[in-house]
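Each chain, written out:
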Amino acid sequence: MKIRKAVITAAGWGTRFLPATKAQPKEMLPLLNKPIIQYAVEEAIASDIEQIVIITAMGKHSVEDHFDRSFELEHVLQEKGMSDALEEVSSIGNSSKICYVRQREQLGLGHAVLTVQDFVGNEPFALLLPDDVVRSEVPVTRQLIKAFEQRRSSILAIEEVPEERVSSYGIIKPRQLNGRLYQVLGMVEKPDACRAPSRLGIVGRYVLTPEIFPALEQTLPGKGGEIQLTDGLSNLLPDQQIFGYKFEGIRYDVGTPLGLLKASLAFALEDPKMAGELREYLTGLNLYAHPTSVSLDAKDLARLSVS
Ligand code: UTP
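So, here is what we can say about the structure in this document. (Residues numbered from 1 in each chain as written. Predicted model: local features only at pLDDT ≥ 70, side-chain atom pairs only at ≥ 80, totals over all residues. Heavy atoms only, no water.)

### A closer look at the pattern of salt bridges
Considering all chains together, one arrives at 16 salt bridges under this definition. Measuring nitrogen to oxygen at the nearest pair gives 3.5 Å for the salt bridge that ties arginine 135 to glutamate 270. Here arginine 135, found in strand E7 (residues 132-135), pairs with glutamate 270, found in the loop between helix H10 (257-269) and helix H11 (275-284); they are 135 residues apart in sequence, far enough to count as distant. The network of salt bridges with shared partners includes Lys2, Arg4, Lys5, Glu50 and Glu123. (Salt bridge = Lys/Arg side-chain N within 4 Å of Asp/Glu carboxyl O. Helix = DSSP H or I, 4+ residues; strand = E, 2+ residues; numbered from the N terminus.)

### Concerning unusual backbone geometry
Residue proline 19 is bonded to the preceding leucine 18 through a cis peptide linkage, with omega at 5 degrees. Phi at aspartate 48 takes a positive value of approximately 65 degrees, unusual for a residue other than glycine. Position of aspartate 48 relative to the elements: it lies in the loop between helix H1 (36-46) and strand E4 (51-56). Residue class for aspartate 48 comes out partly exposed when judged on its relative accessible area of 45%. (Buried < 20%, exposed > 50% of the residue type's maximum accessible area, 1.4 Å probe, protein only.)

### Thoughts on the site of the ligand
The immediate surroundings of the ligand are formed by 19 residues, with Trp13, Thr15, Arg16, Lys26 and Gln103 found nearest. Contact between the ligand and threonine 15: an oxygen atom at 2.5 Å from a side-chain N or O atom of the residue. Protein burial of the ligand: of its 560 Å² of free accessible surface, 84% is covered by the chains. Here the shell around the ligand is composed, by residue class, of eight nonpolar, seven polar and four charged. (Near = heavy atom within 4 Å. Polar contact = N/O pair within 3.5 Å; in protein donor to acceptor, adjacent residues only side chain to side chain. Areas by Shrake-Rupley, 256 points an atom, 1.4 Å probe, with all protein chains shown as cover. Nonpolar A, V, L, I, M, F, W, Y, C, P; charged D, E, K, R; others polar.)

### Points about the pairing of strand E6 (residues 125-128)
Here E6 shows two buried faces, one formed by Phe125 and Leu127 and the other by Ala126 and Leu128. Relative to E6, strand E1 (residues 5-9) runs parallel, the two sharing three bridges. Bridge pairing links valine 7 to leucine 127 in E6. Sheet topology note: the E6/strand E11 (residues 200-208) ladder contains four bridges and is antiparallel. Bridge pairing in E11 places alanine 126 opposite valine 207. (Pairing = 2+ DSSP bridges.)

### Topic: helix H4 (residues 83-93)
By the burial criterion, the buried members of H4 are Leu86, Ser90, Ile92 and Gly93. Down the axis of H4, the sector holding all buried residues measures 155 degrees, keeping them to one side. Set apart from the buried face of H4 by more than 90 degrees, the exposed residues are Asp84 and Glu87. (Arc of directions from axis to C-beta.)

Have a look at this one:
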């Protein structure tokens, strides 16, 4: 069955970004000149998704405004002859693919997913958490859909996380099958590093079968008192196989100020309009001459595309 629908979660409080997120949604913070949620929408569309539902909550109106038409702004841009900006602004607002569901109480990611049960119905769907932005040749959602087409079971995007970060992720107990594909034998949300079954962490991209809904209905609040998607997936595991797919690409966790800063630098260094001046600026900071003094390791430098 084709994956036609995508769900994008945007109902969280964004506490790690306070006070910036006191009166504006985290999802509308900019990564260069686009709000972070736009990257998830573009990824879904590039993965041939036909319908997108964004889960919002109180105080998230600007997300809906962003993907709506703005006739006044379009008129102003036309009058000023700003044709590139006009084209960009009107194409964002022209997408008839997006609709919205409101999560009335923020009881966790698993609870948020339950709010779209009626929209999704009885078919598999993609789930994107906009706090993870992935740069890759093939959009990561498309990579997961391809793996789903082979296995016909839920697929979770996974990546190896550093030991000290294990306690921030859902971690899988893996059995490697072939290449990038792993069978998930078990899962645990945010384990202590010493108890983690591996270092393979679940990141914010999934293809899920509709059986996740009854599994989530049976799921009690877990870590942080929230209904965790990882716990719902664990409940599903006795009845259905679940797979992890080590996707190709670089993921940026833009859900924290430092993560967004790193992503901004990496994206800007790839942007012809900004790269030259930014490189000059970074060179001026003497990153190359004294890498240790600013604690940049080789991986940091690779992520920032500087060598
Ligand atoms: P996070 O764990 O990043 O929580 O949620 P958050 O509220 O967005 O941010 P912090 O931790 O307070 O800084 C992961 C994803 O799940 C969504 C968030 O919007 C984010 O996309 N989410 C979380 C919901 O939609 N509803 C919830 O009740 C909780």
